[in-house]
Amino acid sequence: MERVSQKMSGLQLNLGPVKEPLGFIKVLQWIFSIFAFATCGGYSGHTSIKVSCWDVKNETLEAAFGYPFRLNTVLFKDLDSKLCNNTWIQTHLVGDFSSSAQFFVTFAVFVFLYCMAALVLYVGYLHLYRGAGKLPMIDFVITMLVALLWLISTSAWAKALTDIKVSTGPGMLSEIAFCLLPQNSCLFGEVSSMGSLNVSVVFGFLNLILWAGNAWFVYKETNLHNPPEAPAPGSAPAHAGM
């Protein structure tokens, strides 16, 4: 109990750091990370095609998809087997983009949690943060690493999103066996707007800019920028007498 009370006694609430670039940018990073994983992880949509043959005219078949975008597990609604001479078979969308999507979302969630912890440190324990040389250095290393991972994860997710648009757009008709038969005809129907997914990519790159820019303010807190003061020339301890 004594150790716990000693740790709690070190808490000194001070909202001043939030008004400084060090803390203010951290608040923005916290908010932007929420938008990044929410706009990607909360997405669901559908795509559709219109099929026709000698006994069917413009039958609309839909396929619902969403996060984590394992499109190869998504089936189109079945066409009645009695129609089109039983040429329709179970048809999936093409592609598995879950690795890029989950990497992006999971990383954004971890950043969200780290920002919360950093804000608690800045607001409640700033005297410990600035009084110890290791904490700012750890913060600086993590900041640089997070900036790099934002670049990697967002770039991977942006590429995956481009492929998702191809796999759910008009180009998917060339992958459907039913549509390649001469007696059948397929037209692309529609696909849900992916505006929120585009926004997730934008917030990913905004987070990259924020973390790269914040590296300078964290660097200023480290001993690399402010090395310990050297002792004055006359303050060195005198050598012991003979």
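Above this note sits the structure.
Novice: Looking at this structure, I do not really get the overall build of the protein chain. What am I missing?
Specialist: Counting its secondary structure elements, the protein chain contains eight helices and three strands. Ordered by position from the N terminus, the helices and strands of the protein chain form the series α-α-α-β-β-α-α-α-α-β-α. A burial count over the protein chain gives 38% of its 242 residues as buried. Taking the intrachain contacts of the protein chain between residues at least 6 apart in sequence as the baseline, contacts between residues at least 24 apart amount to 73%. Surface exposure of the protein chain reaches about 13,700 Å², of which carbon and sulfur atoms provide 66%.

Novice: Even after reading the chapter, I still don't get the environment of V56, so can you show me in this structure?
Specialist: Mapped onto the secondary structure, V56 falls in strand β2 (residues 56-66). Here the alpha-carbon distance between V56 and L83, two residues 27 residues apart in the chain, equals 6.8 Å. What V56 contacts, discounting residues up to four positions off in sequence, is V51, L83 and C84.

Novice: Which parts of the structure should I look at to understand the packing of helix α4 (residues 98-124) against helix α6 (residues 134-168)?
Specialist: Helix-helix packing: each pair is described by the crossing angle between the helix axes and the interaxial distance. Interhelical geometry of α4 versus α6 gives an angle of 155° and a closest axis separation of 9 Å. Put simply, α4 runs roughly antiparallel to α6. Relative to α6, the crossing made by α4 is left-handed. Residues S100, A101, F103, F104, F107, A108, V111, Y114 and Y122 of α4 form the contact with α6, whose participating residues are D139, I142, V146, L149, W150, I152, S153, T154, A156, W157 and A160. Of the residues belonging to the contact of α4 with α6, the class tally is 16 nonpolar, three polar and one charged.

Novice: Where do I start with helix α8 (residues 195-219) in this structure?
Specialist: The α-helix advances 3.6 residues per turn, and as a result positions three or four apart in sequence lie on the same side. In this model, α8 (25 residues) spans 36 Å end to end at C-alpha, consistent with the 36 Å of a helix rising 1.5 Å per residue. If you check which residues of α8 are buried, you get L197, S200, V201, F203, G204, N207, L208, L210, W211, N214, A215 and V218.

Novice: Where do I start with the side chain of S100 in this structure?
Specialist: The residue S100 is located in helix α4 in this model. You can call S100 buried: its relative accessible area is 18%. Here S100 is in contact with A156, W157 and A160, once residues within four sequence places are set aside.

Novice: Whenever I open this one, the sheet that holds β2 confuses me. Can you help?
Specialist: Picture the strands of a sheet paired through backbone hydrogen bonds; they go either parallel or antiparallel. An order of β2-β1-β3 is seen for the three strands of this open sheet, with the pairing classed as antiparallel. Taken across any chain shown, the strands that pair with only one partner, and hence form the sheet edges, are β2 and β3 (185-191). Adjacent strand axes in the sheet meet at a mean angle of 20°, parallel and antiparallel pairs treated alike. Direction of pairing for strand β1 (residues 44-53) relative to β3: antiparallel, over a ladder of five bridges. Across the sheet, the residue bridging to T47 is V191, located in β3.

Novice: Is there a simple way to explain the packing of aromatic side chains in this structure?
Specialist: Any pair of aromatic rings gets described here by the distance separating the centres and the angle formed by the planes. Summed over the entire model, instances satisfying the criterion amount to 16 aromatic pairs. When the centroid spacing of 6.3 Å and the interplanar angle of 90° are considered together, the rings of Y67 and F69 count as edge-to-face. A residue is classified by how much of its surface remains accessible, and Y67, at 27% relative accessible area, is partly exposed. On the basis of relative accessible area, F69 is assigned to the buried category, the value being 0%. A centroid spacing of 5.5 Å and a plane angle of 35° characterise the contact between F69 and W157, whose relative ring orientation is tilted. Placement of the pair is F69 in the loop between β2 and α4 and W157 in helix α6, with a sequence separation of 88 residues. For the residue pair F69 and W157, the accessibility class agrees, reading buried in each case. Through successive ring pairs, a cluster of aromatic residues spans Y43, F65, Y67, F69, F103, F104, F107, W150 and W157.

Parameters and conventions
- Residue indices follow the written sequence of each chain, beginning from 1 at its first position.
- In keeping with the model being predicted, local features are shown solely for residues with a pLDDT of at least 70 and side-chain atom pairs are shown and tallied solely at 80 or more, while totals for entire chains, interfaces and linings include all residues.
- Hydrogens and water are ignored here; the side-chain numbers use all heavy atoms of the structure.
- Comment: elements are numbered from the N terminus, with helices defined as DSSP H or I runs of at least four residues and strands as E runs of at least two.
- Three exposure classes are used, based on accessible area relative to the maximum for each residue type with a 1.4 Å probe and protein chains only: buried under 20%, partly exposed in between, and exposed over 50%.
- Contacts are assigned to residue pairs that have any heavy atoms within 4.5 Å of one another.
- Every accessible area reported is derived by Shrake-Rupley at a probe size of 1.4 Å, with residue values counting cover from the shown protein chains alone.
- Axes, fitted as lines to C-alpha atoms, cover a helix only where it is in contact. Angles between the N-to-C directions of the axes lie from 0 to 180 degrees.
- In this scheme, roughly parallel covers angles under 35 degrees and roughly antiparallel covers those over 145, while 65 to 115 is roughly perpendicular and the rest are oblique.
- By convention, the crossing between two helices is left-handed when the near helix turns anticlockwise from the far helix through less than a right angle, and right-handed when the turn is clockwise.
- Under the grouping applied here, Gly and all other residues not named as nonpolar or charged are polar, the nonpolar ones being Ala, Val, Leu, Ile, Met, Phe, Trp, Tyr, Cys and Pro and the charged ones Asp, Glu, Lys and Arg.
- What a helix should span is 1.5 Å times the count of its residues minus one.
- At least two bridges found by DSSP between two strands is the condition for calling them paired.
- Aromatic pairs are defined between Phe, Tyr and Trp rings, using the six-membered ring for Trp, whenever the two ring centres lie within 6.5 Å; interplanar angles under 30 degrees are classed as stacked, those over 60 as edge-to-face, and all others as tilted.

Function cannot be inferred from these measures alone, as they are strictly geometric.
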